[in-house]
Amino acid sequence: MQEGETGMKNKKAENAITAVLAAAVLLTGGMSLHSYLSEQRAKNEYDAIRQEVVAEPAAGETQEEIAEKNYPELQIDFAELIRTNQDFRGWLYFPALDISYPVVQGEDNDYYLKHSFEGESVNAGCIFMDCGASADWSDRNTFVFGHNMRDESMFGAFKNLLKGTASCEENPYFYIYTEDKVYIYEIFSYYETKSTSDRFATFTSDASYDDYVQWATEHSLYASDADLSDRGNIVSLSTCYGSSGTKRRALIHGVLTETAVYLSLIHISEPTRRVVI
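Residues numbered from 1 in each chain as written. Predicted model: local features only at pLDDT ≥ 70, side-chain atom pairs only at ≥ 80, totals over all residues. Heavy atoms only, no water.

## Some details on unusual backbone geometry
Here the phi dihedral of Asp98 falls at roughly 55 degrees; this positive angle occurs in a residue that is not glycine. Structurally, the position occupied by Asp98 is in the loop between strand S3 (88-94) and strand S4 (99-104). Note on Asp98: relative accessible area 60%, which makes it exposed. A positive phi is found at Trp137, a non-glycine position, where the angle reads about 65 degrees. (Helix = DSSP H or I, 4+ residues; strand = E, 2+ residues; numbered from the N terminus. Buried < 20%, exposed > 50% of the residue type's maximum accessible area, 1.4 Å probe, protein only.)

## Some details on the pairing of strand S7 (residues 173-177)
Across the five residues of S7, four count as buried, placing the element largely inside the fold. Looking at chain direction, S3 and S7 are connected through three bridges and run antiparallel. Looking at the pairing, Leu92 lines up with Ile176 of S7. Sheet topology places S7 next to strand S8 (residues 181-194); five bridges connect them, and they run antiparallel. By the bridge assignment for S8, Ile176 is matched with Tyr183. (Pairing = 2+ DSSP bridges.)

## Section: the sheet that holds strand S9 (residues 234-240)
Reading around the barrel, the eight strands line up as S3-S4-S5-S6-S9-S10-S8-S7 and close back on themselves, with mixed pairing between neighbours. Each strand axis lies, on average, 30 degrees off the axis of its neighbour in the sheet, ignoring direction. Taken together, the two bridges between S4 and strand S5 (residues 127-129) define a ladder with parallel strand orientation. Paired with Val103 across the two strands is Ile127, which belongs to S5. On top of the sheet, helix H2 (residues 33-53) reaches S3 and S4; it is set at about 90 degrees to S4, its chief contact. Each of strand S6 (141-145), S8, S9 and strand S10 (248-261) is contacted by helix H6 (residues 206-218), which is oriented at about 65 degrees to S8, the strand it contacts most. (Axes fitted to C-alpha atoms, helices over the stretch in contact; angles between N-to-C directions. Contact = heavy atoms within 4.5 Å.)

## Regarding the side chain of Ser100
With respect to the helices, strands and loops of the structure, Ser100 is situated in strand S4. For Ser100, a relative accessible area of 2% puts it in the buried group. Within polar-contact distance, the side chain of Ser100 engages the side chain of Trp91 at 2.9 Å. (Polar contact = N/O pair within 3.5 Å; in protein donor to acceptor, adjacent residues only side chain to side chain.)

Here you go:
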């Protein structure tokens, strides 16, 4: 046997051993190769979406400019998002946890558990609002769901808040961007609960609202000074918390503090500098 052929066979054997060892590491870590590849497909898709449809102004913006208009000036190509998926309802931006995703609304709350924004079958699914919620974010308590991913994508970073390894004290806001409005929410509570609890209730009366937020603030892991006296609409972000199949849930509540006019600088016919948010 010639030396070149021996080298090629050794290289193939080395690659095979590497693949087996990689699979073994995934399995011993509790993740199958299928799950790993599914998560990678989802990550690649959402990275590409952010690169294609979310942009910052070419000159950037200062903290003073953000404070003046009360929201980060993300330039979002809503026309492209709607063309891609008619279920699109808004863009969620949660800077304290580096969360930036499209939000959809399906006919039920099952489809987007396992389907991405572009309709691919992936374990990461998509961030979605409750199927029974008003599409214009006008309900008094709108629930938005996302998976607790191992790599902290989607709503996987929520666990860091509950564990105390992350904080929203310096930036206690998240934002919902729509074609003509930016809804600005101040976080007033987060805690662990169960999927069967009354924390997932919707309500219409002021009395029910007051009871809900009183319980939420009393049991919160975060001491907020958010003003709830005007009974602003709430968006509640939810994810599973713990092992797969658990009834444990992490809930983050934000109260609407302002509805700003959204003026996009994006024109489809003109080039825009694209950056990852």
